[in-house]
Amino acid sequence: GDVEKLNFEAESFDAILCSSALMWLTNIPATLRNCRTWLKTGGLLAFSCYSESSFVIPLVVRACAKFGISLPNCNEPLGTRERCRELLQEAGFDKIDIRTEQFGSYLRRNDSEWQWKGDSNWIDPRGNPLAELSSQQLREIRAAYESEIDALATDQGFWHEITMFLVMVRK
C-alpha cells in the first residue's frame, strides 16, 4: 500500500523495512514520524536511499539549469548522511546507524545507463518539468547533458556514481 495513506495503531510493528523508495514520497518527514509511531519500543526501521550525486541525475539537473529549467533531484531530500540523520532526529529517532556502500562503475559511451532518456523517464514526486518542453528544447538539453558526460570521460569511460546509504534506526 501507499505508506503515505496508511494508518496503523501505535506500536503495531517490530520492524519496518523500505528498500530504495523513501525518496519517491511527497512528505518524507511525516512518513518517518509515522514509522516511529507505528514501531514498538525497541523496534527497527531500516531503509536504503541514494546519495544526491548518484546516477546521472546531477548531470541532467546541471544541463537543465543552463537553460533556466529547475529540475528536482529525487535523491536530494535524503541525499547525504547528514540529511538522513537530521530527518530521523526530527522524527524522534536517536539510535541511528548509517552505512555507506559504493556501487559505482565506469561506463562507456554505448552503455545505456548514462544515455539520455528524455522527458518520459524523469520521475520525481515533486513533478517533471521536462514533460512540458518542446522537442527542440529537449534536444538542446540533451546536447548539454552529453557535453557534461564527455567532459568527465576518461580512458576508462565515464564514472557512473552510485552511492547508497543503508540506514537502521531503533525506537
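Provided above is the structure to which this section pertains.
Here the structure is a predicted model, which is why all the values come from computation and not from measurement.

Draft legend 1. Quick look at the overall build of the protein chain. A tally of regular secondary structure across the protein chain gives 4 helices and 6 strands. Reading the secondary structure of the protein chain in the N-to-C direction produces β-α-β-α-α-β-β-α-β-β. The principal-axis extent of the C-alpha atoms belonging to the protein chain is close to 55 × 35 × 25 Å. A separation threshold of at least 6 residues defines the contact pool for the protein chain, and within that pool the share at least 24 residues apart is 80%. Between the mean site of the 19 positive side-chain charges and the mean site of the 24 negative ones, the protein chain shows a separation of 3 Å.

Draft legend 2. Broad picture of the sheet that holds strand β6 (residues 163-170). One open sheet accounts for 4 strands, arranged β1-β2-β6-β3; its pairing is mixed. Every interior strand has two partners, whereas the edge strands, β1 (13-19) and β3 (95-102), have only one. On average, each strand axis in the sheet is inclined to that of its neighbour by 10°, with strand direction left out of account. With 7 bridges connecting them, strand β2 (residues 39-50) and β6 associate as antiparallel partners.

Draft legend 3. Representation of the pairing of β6. Across 8 bridges, the pairing between β3 and β6 is antiparallel. Within β6, the residue paired with Q102 across the bridge is T163.

Draft legend 4. Expanded view of the pattern of salt bridges. Inspection of the entire model under this criterion finds 8 salt bridges. The closest approach of N and O atoms between E148 and K66, which form a salt bridge, is 3.3 Å. Of this pair, E148 sits in helix α4 (residues 135-152) while K66 sits in the loop between α2 (57-65) and α3 (81-90); the two residues are 82 residues apart in sequence, bridging distant segments of the chain. You can call E148 buried: its relative accessible area is 12%. Among the ionic pairs, R142 bridges to E146, the shortest N-O distance being 2.9 Å. With R142 and E146 both in helix α4 and 4 residues apart, this pair spans about one turn of that helix. Within the structure, one salt-bridge network assembled from shared partners comprises E52, E76 and R83.

Draft legend 5. Just the packing of α2 against α4, in detail. Where α2 meets α4, the closest approach of the two axes is 8 Å, and the angle between their N-to-C directions is 130°. Overall, the two elements α2 and α4 adopt an arrangement that is oblique. The element α2 and its partner α4 pack so that their crossing is right-handed. In contact with L59, V60, R62, A63 and C64 of α2, α4 contributes I141, A144, Y145, E148, I149 and L152. A breakdown of the residues in the contact of α2 with α4 according to their chemical character gives 9 nonpolar, no polar and 2 charged.

So, how was this worked out
- Residues numbered from 1 in each chain as written.
- Predicted model: local features only at pLDDT ≥ 70, side-chain atom pairs only at ≥ 80, totals over all residues.
- Heavy atoms only, no water.
- Helix = DSSP H or I, 4+ residues; strand = E, 2+ residues; numbered from the N terminus.
- Contact = heavy atoms within 4.5 Å.
- Lys, Arg positive; Asp, Glu negative; His and termini not counted.
- Charge placed at Lys NZ, Arg CZ, Asp CG, Glu CD.
- Pairing = 2+ DSSP bridges.
- Axes fitted to C-alpha atoms, helices over the stretch in contact; angles between N-to-C directions.
- Salt bridge = Lys/Arg side-chain N within 4 Å of Asp/Glu carboxyl O.
- Buried < 20%, exposed > 50% of the residue type's maximum accessible area, 1.4 Å probe, protein only.
- Parallel < 35°, antiparallel > 145°, perpendicular 65-115°, else oblique.
- Left-handed = near helix turned anticlockwise from the far one by under 90°.
- Nonpolar A, V, L, I, M, F, W, Y, C, P; charged D, E, K, R; others polar.

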